[in-house]
Amino acid sequence: MKGAAGPPDHPVEDADLLQFLYLLPVGVIDFDRSGNVQIINPAAVNILAPSIGVASMFNVLDEFGIVWPELRSLLDEGEGLGPVVVDHRLAGSGPAGKWCLSLGLVRVADGRFMITVADATAIAEAERALRESEQRFRSVFEQTIDGLFILDDHGVIVEVNQAGAEMHGYEISELIGRRVTELLAAHELPRFALSTVAETPDDVTRTRWQHRRKDGSGVAVELSARRRPEGGFLSVVRDITALVESEANVKAAIDSAEAQRGLLSELIDRSPVGIGLYDADFRCMQINEALAEINGVAVADTVGRRPEDYIPDLWPTLEPHFRRGLHTPTFGTELEGETPARPGEQRWWLVNFFPVTLGPGRPGVAVMVVEITARKRAEILLAQSENRFREMADASPLLVWEHDADGDQVWVNQTFYQFFGLTPGELSEGEGQELAHPEDSDAYTQDFMAAVAERREFHNSVRARRHDGQWRWLESWGKPRFDRDGVYLGHHGTSADVTDRVESHRQAAEAAAFTGRVLNGLFAFASVLDVDGTLLDANRAPLEAAGLQRSDVVGRRFWDCYWWSYSEQVAADLRRATARAAGGEIVRYDVLVRVLDGALLPIDFQVAPLYDDAGVVTHLVASGLDISDRTELEELTRQAQWRAETLESTATNLAAALTFNDVGAVLVGAANEFGTAVLDAVGPLGLTRVAAAGGNGDAVEEPPTIPLETPSPATAAVNEQATVIVNDRAELLDRYPEYAATVGGLRTASIAAIPCRTAGGEINAVLSVASSVAGWFAPDRVSLLEAFASQAGGALERATLYENAQLARRRADGLAQVLVALEQAATTTEQLNVLIGHLLDDLADYATIEAPDQDPPLLAIGHVDPDMVPVLRQLRTQHRIANDAVHSVAQAATGEGQLITEVTRPVWAQYTIASEAVTLLERLGPRSHMAVGIDLGGGARGAIMVGRTSPDAPLYTTDDLAYLQELAARTGVVLAAGRARRVQHEASFRLQRALLPDSLRWDPRVPIDARYQAAGDLLEVGGDWYDTFAWSNGHIGAIVGDVVGHSIDSAAGMGRLRAATAAIATNSAPDPAALLDALDDFARGPDGVPFATAACVVIDPETGTMTYSSAGHPPAIVVTPDNELHRLDKAQNLPLAVLGRTDRRSGTIDLEPGSVVVLYSDGLVERRNERLDHGITRLEQMVRNHADLSLDALADRLVTEYSAGASTTDDIVVLCLRYAPVVSEFHQTIPADSQQLATVRSELRSWLAEYDVDRASENDILLAVGEATANAIEHAYHGRDPATVDIDGTYHRHHLNFEIRDQGRWRRPGEHSAHRGRGTNIIKVLANRYDRRSDPAGTTVSITLPVQHRPEGSPS
Amino acid sequence: MTTTAELAVERSEPDHLHIDMSGEIDMANAASIEHQLDDLVATAATATIDLSGLTFIDSHGVNVLAHLIGRHLENDFTLVLIAPPTTPAHDLLAITGLTTVVPVLEARPPTSSASTIEGDTGG
């Protein structure tokens, strides 16, 4: 229980997390598998209190047991962490009204859960209100006695009520999906046109039709229809057969004759329809009972009177109809009003008026009346109810939708349109297809269609694209609809935008998971107190931790309980905190709680008030979290930090260590922290001590090299290729007795031996650390030492390279010296002797230069021991022909070099059988031997042969062979120039040519070209030079330098510098400043130069990042493809060889593809009587003017333009490179117009012309790109505004990639575009790859086409 | 720049046509070419269309030829195409399968004798 002495500080993260939970609007309850609550946040309390009435919660299973019975089994099922239940709905009603909860269950750790609680009351309320309103509409719809038909825009019956079906002798299900015209009698069809039925929702038309029943019989109907705002029609169909029959009978009777008046009277009297006959003054001649009843005026009180007398209120309405009826029949007039029959009640009638003849010269009017009040009321109610439903639906925040029995959407509410930003027209045209997220769409649709097929309830979620383009989570609930006969009508339902809820659930789940991880397994304290501090309940954890029973603490003052009573101060603090909480404060502090055996556990403690609805504090909640492991964590963190810092400083020191010994010193110094540390290098002979550092005052002895066969921890680490740990003296004596007996091992009880490895995994050293403490090397110490060792392995490898580089540099110096000496030698013989002398100085104990085709073949000979020269000469002259193969001069002269690492007798035997030769060889005693070819000029080839005889000299390696080859190549140029002496200038010039590189091609992404022009005055020889390098990581370097002076000395200095650079560059990091520093070291050396400048750049072809540095040299120039200029003058440093070593700066620039970089010597910018800066500006202008040229042409142009403007007094170097990661690109944007196709072809042809693409490839490319472009033009813009098509191409050596992009929507080929498939098929045949992607932004076709090139030199 | 093609017509016999096409055919001028060819072959029994001079032809051009055959099939109309191996038309006709419905010759027969052409394509 470290750190228990005082409450530690809070790490910020925990406090933030708790605060986050406290502020979270979503309730979070954290509990274990038994349901015991560990944490409950205020939001949970706030939401749960008014709903399921939980104010404090100790066990979720107890509290949720009734309302969520499956919770217990959910806790036991499954294993994985994460959400178990996403949206469990609980609903009920309480004092504050109805409520609905959305609960989520998350498994945050094994046996640890969280419930997230969100208030879904508002959504549930909206759903319920909507459902009620819809039900009201449904019940009215179904109960109306008139036929009700809902039709779509095309007159297809979407819905029909029972009355409507019965009226036509059908079942409801038989009518749905039929066209309403199928119900018309055949003779009615010609005059039926749905569109003329009603134009607007307010416009109701009423017409009479003859309908046909299922059995073929006719039925007279009156049809009223109005357009529904959401599309389609609501039609009320009334059976008026009785009315029509009676009309016909009466009319026939009236028309027939006076004689039948009796019959007419009888007909009128018996008619169920109200009938009255009136004369031209509208006096009633006859009236039947039915009409009298409607009027509420007896027959006797009506006959002989005018309606204005007996139904005065109605007369103003009736009069126009009566007047019109005298001469024109009008049917189906709907009238409304009150009659004396039922005063105060609004009634409706359907009335026919038609002219009759009451006798000769006596015109009259017949009136037929049907009471329709009940129907009319139902119709009004229906309209109101439907409107209410619609208003309700449209005002609803939910998306309401209705699908028919096939699953097709037939209606949606206004919210739906608004959500998606669509109009009804767009939706019905299928624009809704792409609304769902592609990842969810299929599953959602399948589930929905399954629900339709199975007639079951539907509940699913889908991401949908809202009008603003945002993806929102929509949760949908759907129910099947059935008519009274149980016939399935389709699904209807609602969708809610639950994005915010899903998001908050997700956040809560994340927070919960995090909290769970933090809290899992920790002690958590929760208790509920009275306002006066009496403990009412506490959770299990603190009780168990302290070995208490609930009864031990419940009812006691909280601060008097066992947990706190160990200290009066603690108890007093707690008492004060309780009082402050009772006053409404949340009090939080760290405190120690007493648990079993008197142990004290640090906790983060809090007392918080709980309020009732009135805002009065009713209870206090005391809670706390164990933070003891936080203390441990802090300790661990400190350790980790120390380790990190130690490692970092070791790494820094190792980086600065140059040699093997430096590295060893740094390493053992760091490891010495843990004991006596030694570092042994692994060599062919065994382990050699590199460095040692004594720990604990132990003396460290310097042992001789230990063979790997000797048992010791270090050799075991090498042999087993693994870390060896011994933590016990007895084990050490047992396993490594020899080591245990050494001075170093005498007091060793624990030892760790750790191999150091190169980047390639090869063991190059062993770090051993010994301690007199047993069991010292615990895993954490070992892991740190292993980290040291792994750093050291790399550092040792670098040190090896460095030491090799030192050798290389020495050789570079030597090469430069010999080249100068060669030039200064007067004769060929002298030259060859210079060369031999140099070889003997540096590389060999003996050397010969021979030319097999010349006479004599032996041109030069030397041995470090002059007495041995005759032996060598005898061997090389007398036995040369006999031993044609010996040291194979011919082979060396023509082919690869030859290396015999170790010359043994069996090797001799391969070359000679002559006993005298063997004797000579024995006297010469070669141990190691090499031979390489050399160009001797005039087409003559020769060979240089060298060998070592000294017993302690190292054997030749492949590096030595490479050096000898380099030497032969460079000196060969000088020799080849001719053995006669020339004028000095030519010699210098030749030297310069010899020293400058022949080839500059390294990487196709960084083409380089360079020019050297000697000074115009032949006596002025310059010291300008350039070179390029490639590193193994692919970086490319270029350097231009100038050795001051115009003499053979400066030319020689240049040669030395260049040779040194070549040797140094590839052994150092690809960093221009480091390279210049290394050159500076050389320049200041014995074979250095008096004064020199150089500019260097290094490019990473992968990224285009270029670092640059200049040592007193004019800055490099960059011109971008946009012709923007950069002068790289941010890293100007001191020239070479002027002062002591300085750390040079380097600058960085990211090259845009296509950028040109120009390095140059001051000869190119310097003119007499002109400031250097002007010259640079002039050069920059030249480069900008010609940046488009090929590098070859650019370099030429820069040199010529300079020469044209100046009398040259200096030699000139110019080096140009271009960053060209992608060789070329094609781009064209055209209007979507087929007239543009020819332009595209023409542009493509000229683009392809640059690459020598063969004729057939060109045609294929034109064809494939043309087809894709034509498709884009033809189909993507069908019926849309004209737009553009983009065509992009990139050229690669063996293929081309094209993208053809439009902004239209791809449509499947229709009938009108039957041939489109042909174009696409052509592309597929020609292309290696064809891909088409469509999204709302447009369609992109990607094609990869193979490309063949014309054979070189063939005409284009 | 627009797409242009030219038709040069030889009429060896009243109902035997030889048409040399040159230039380019694509979506831009396919309809117009189709129209011209349609008029030309309306009364012909045999038409030889030499595609050697075309520097570019795409699927729209192929469609013109395909439609031409379809339209005049009832009139005992025979269409023969000439497309030498190195011309743009040659591979395209193979790719699009037109060679299976129209005889395609690699060169114009030495004489413009109609009987030779018919003989070659009689199978």
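Residues numbered from 1 in each chain as written. Chains lettered and ligands numbered in written order. Predicted model: local features only at pLDDT ≥ 70, side-chain atom pairs only at ≥ 80, totals over all residues. Heavy atoms only, no water.

1. Here we look at the overall build of chain B
Point 1. From N to C terminus, chain B includes four helices and five strands.
Point 2. Taken from the N to the C terminus, the helices and strands of chain B come in the order β-β-α-β-α-β-α-β-α.
Point 3. Taking all 123 residues of chain B together, the buried fraction comes to 46%.
Point 4. Contacts in chain B between residues at least 24 apart in sequence constitute 66% of all its contacts with a sequence separation of at least 6.
Point 5. On chain B, roughly 5,500 Å² of surface is accessible, and the fraction owed to carbon and sulfur atoms is 52%. (Helix = DSSP H or I, 4+ residues; strand = E, 2+ residues; numbered from the N terminus. Buried < 20%, exposed > 50% of the residue type's maximum accessible area, 1.4 Å probe, protein only. Contact = heavy atoms within 4.5 Å. Areas by Shrake-Rupley, 256 points an atom, 1.4 Å probe, with all protein chains shown as cover.)

2. Concerning the overall build of chain A
Point 1. Tallying secondary structure elements over chain A gives 40 helices and 51 strands in all.
Point 2. Taken across its 1356 residues, chain A has 51% of its residues classed as buried.
Point 3. In chain A, once contacts between residues fewer than 6 apart in sequence are set aside, the share between residues at least 24 apart is 58%.

3. Focus: the environment of Gly469 of chain A
Point 1. Here Gly469 of chain A lies in the loop between strand S18 (458–465) and strand S19 (471–482).
Point 2. Between the C-alpha atoms of Gly469 of chain A and Phe420 of chain A, which are 49 residues apart in sequence, the distance is 8.9 Å.

4. Some details on the nonpolar core
Generally speaking, nonpolar side chains in soluble globular proteins are found buried as a group.
Point 1. Ranked by size, the top nonpolar core spans 63 residues in total, and within it Phe1298 of chain A together with Ile49 of chain B carry the most contacts.
Point 2. When residues in this core are grouped by element, the largest group, nine residues, is from helix H39 (residues 1255–1275) of chain A.
Point 3. In contact with Ile49 of chain B, not counting residues within four places along its chain, are Ile19, Met21, Leu37, Leu65, Leu68, Leu79, Val80, Leu81 and Ile82 of chain B.
Point 4. In terms of nonpolar packing, the next biggest core, distinct from the first, is built from 31 residues, Ala691, Leu767, Phe777 and Phe788 of chain A among them. (Core = buried A, V, L, I, M, F, W, Y, C linked by side-chain atoms within 4.5 Å.)

5. Some words on the sheet that holds strand S2 (residues 16–25) of chain B
Residues and elements named next belong to chain B.
Point 1. Read across the sheet, five strands follow the order S1-S2-S3-S4-S5 without closing on themselves; strand pairing throughout is mixed. Each edge of the sheet is formed by a strand with only one pairing partner; in this case those strands are strand S1 (5–13) and strand S5 (104–105).
Point 2. Relative to strand S4 (residues 78–82), strand S3 (residues 46–57) runs parallel, the two being bridged by five bridges. When the sheet's bridge partners are listed, Asp50 is paired in S4 with Ile82.
Point 3. Strands in contact with helix H1 (residues 30–41) are S1, S2 and S3; relative to S2, the strand with the most contacts, it is inclined by about 170°. (Pairing = 2+ DSSP bridges. Axes fitted to C-alpha atoms, helices over the stretch in contact; angles between N-to-C directions.)

6. A word on the pattern of salt bridges
Point 1. Within the structure shown, the criterion is met by 31 salt bridges over all chains.
Point 2. Here Asp440 of chain A and Arg463 of chain A are joined by a salt bridge, their closest N and O atoms 2.8 Å apart. Within this pair, whereas Asp440 of chain A is found in helix H16 (residues 438–454), its partner Arg463 of chain A is found in strand S18, the two being separated by 23 residues in sequence.
Point 3. On the basis of relative accessible area, Asp440 of chain A is assigned to the buried category, the value being 11%.
Point 4. For Arg1301 of chain A, the salt bridge identified is with Asp1288 of chain A, shortest N-O distance 3.1 Å. Pair noted here: Arg1301 of chain A is in strand S49 (residues 1295–1302) and Asp1288 of chain A is in strand S48 (residues 1284–1291), with a separation of 13 residues, a long-range link.
Point 5. Among the residues examined, Arg1301 of chain A registers a relative accessible area of 26% and is labelled partly exposed.
Point 6. If you follow the salt bridges from partner to partner, you end up with Arg1241, Arg1245, Arg1255 and Glu1258 of chain A together with Glu24 and Asp26 of chain B in one network. (Salt bridge = Lys/Arg side-chain N within 4 Å of Asp/Glu carboxyl O.)

7. Some words on the interface of chain B and chain A
A common measure of how large an interface is: the accessible area buried when the components associate.
Point 1. Counting from both sides, the interface comprises 20 residues of chain B and, opposite them, 21 residues of chain A.
Point 2. Both sides together, the interface formed by chain B and chain A hides about 1,900 Å², and carbon and sulfur atoms give 59% of it.
Point 3. Three residues, Met1, Met27 and Phe56 of chain B, lead the burial of chain B against chain A; their summed loss comes to 31% of the area buried on that side.
Point 4. If you look at where chain B meets chain A, you find three salt bridges.
Point 5. Close ionic contact of Glu24 of chain B with Arg1241 of chain A constitutes a salt bridge, the shortest N to O distance being 2.8 Å.
Point 6. The interface formed by chain B and chain A includes four residue pairs in polar contact (both at pLDDT 80 or more).
Point 7. Put simply, the parts of the chain that give the side of chain B that touches chain A at least two residues each are S3, helix H2 (59–72) and helix H3 (88–95) of chain B. (Buried area = accessible area lost by both parts, 1.4 Å probe. Polar contact = N/O pair within 3.5 Å; in protein donor to acceptor, adjacent residues only side chain to side chain.)

8. Section: the side chain of Asp1100 of chain A
All names here are of chain A.
Point 1. One can find Asp1100 in the loop between strand S39 (1092–1099) and strand S40 (1105–1111).
Point 2. Residue classification places Asp1100 among the buried positions, given a relative accessible area of 17%.
Point 3. With residues up to four places along the chain from it excluded, the contact list for Asp1100 reads His1035 and Thr1105.

9. Focus: the packing of aromatic side chains
All names here are of chain A.
Point 1. This structure, assessed with the given rule, holds 18 aromatic pairs over all chains.
Point 2. On the basis of an interplanar angle of 65° and a centroid distance of 5.6 Å, the ring pair of Phe322 and Phe353 is categorised as edge-to-face. Taken as a pair, Phe322 in helix H12 (residues 315–325) and Phe353 in strand S14 (residues 347–359) lie far apart in primary sequence, 31 residues in all.
Point 3. Looking at Phe322, the relative accessible area reads 2%, which means it is buried.
Point 4. Linked through ring pairs, Tyr278, Phe282, Trp315, Phe322 and Phe353 together constitute an aromatic cluster.
Point 5. In this structure, Arg594 packs its charged tip against the face of Tyr562, placed 4.1 Å from the ring centre. (Phe/Tyr/Trp six-rings, centres within 6.5 Å; stacked < 30°, edge-to-face > 60°. Lys NZ or Arg CZ within 6 Å of the ring centre and 35° of its normal.)

10. Observations regarding helix H31 (residues 915–924) of chain A
Residues and elements named next belong to chain A.
Point 1. Within H31, the full set of buried residues consists of Ala917, Leu920, Leu921 and Leu924. Down the axis of H31, the buried set is contained in an arc of 100°. They therefore lie on one face. Exposed side chains of H31 directed beyond 90 degrees from the buried face belong to Ser915 and Arg923.
Point 2. Of the residues trailing H31, Gly925 is marked for its positive phi of about 65°. (Arc of directions from axis to C-beta.)

11. With respect to the confidence of the model for chain B
Residue and element names in this part refer to chain B.
Point 1. Overall, the prediction assigns chain B a mean pLDDT of 80, with 85% of residues at 70 or greater.
Point 2. For chain B, per-element mean pLDDT is lowest for helix H4 (residues 114–121), which scores 37, and highest for S2, which scores 92.
Point 3. Scored below 50 in pLDDT, residues 112–123 shows 14 contacts in the model against residues more than four places distant or in partner chains.
Point 4. Interface confidence in the predicted complex, given as ipTM, is 0.86; pTM for the same model is 0.31. (pLDDT = per-residue confidence, 0-100.)

12. Considering the pairing of strand S38 (residues 1036–1043) of chain A
All names here are of chain A.
Point 1. Where burial is concerned, most of S38 is hidden: eight out of the eight residues are buried.
Point 2. Of the two faces of S38, the one lined by Ile1036, Ala1038, Val1040 and Asp1042 and the one lined by Gly1037, Ile1039, Gly1041 and Val1043 are each fully buried.
Point 3. Adjacent in sequence and paired antiparallel, strand S37 (residues 1024–1030) and S38 are bridged by five residues, among which Gly1034 carries a positive phi angle near 95°.
Point 4. Of the pairings in the sheet, the one linking S38 to S39 comprises eight bridges and is antiparallel in character. Looking at the pairing, Val1043 lines up with Ala1092 of S39.

13. Some remarks on the environment of Thr1061 of chain A
Point 1. Relative to the helices and strands, Thr1061 of chain A resides in helix H34 (residues 1048–1065).
Point 2. Non-local contacts of Thr1061 of chain A, meaning those with residues more than four positions away in its chain, are made with Trp1025, Phe1029, Ile1039, Leu1075 and Leu1079 of chain A.

14. Focus on the sheet that holds strand S13 (residues 330–337) of chain A
All names here are of chain A.
Point 1. Spatial ordering of the open sheet is given by S12-S11-S15-S14-S13, a layout of five strands whose pairing is antiparallel. Every other strand in the sheet has two partners, leaving strand S12 (284–287) and S13 as the edge strands with one partner each. Each strand of the sheet is rotated relative to its neighbour by a mean of 25°, with strand direction disregarded.
Point 2. With six bridges connecting them, strand S11 (residues 274–279) and strand S15 (residues 362–371) associate as antiparallel partners. What sits directly across from Tyr278, in S15, is Val365.
Point 3. Packing against the sheet, H12 makes contact with S11, S13, S14 and S15, and its axis sits at approximately 35° to S14.

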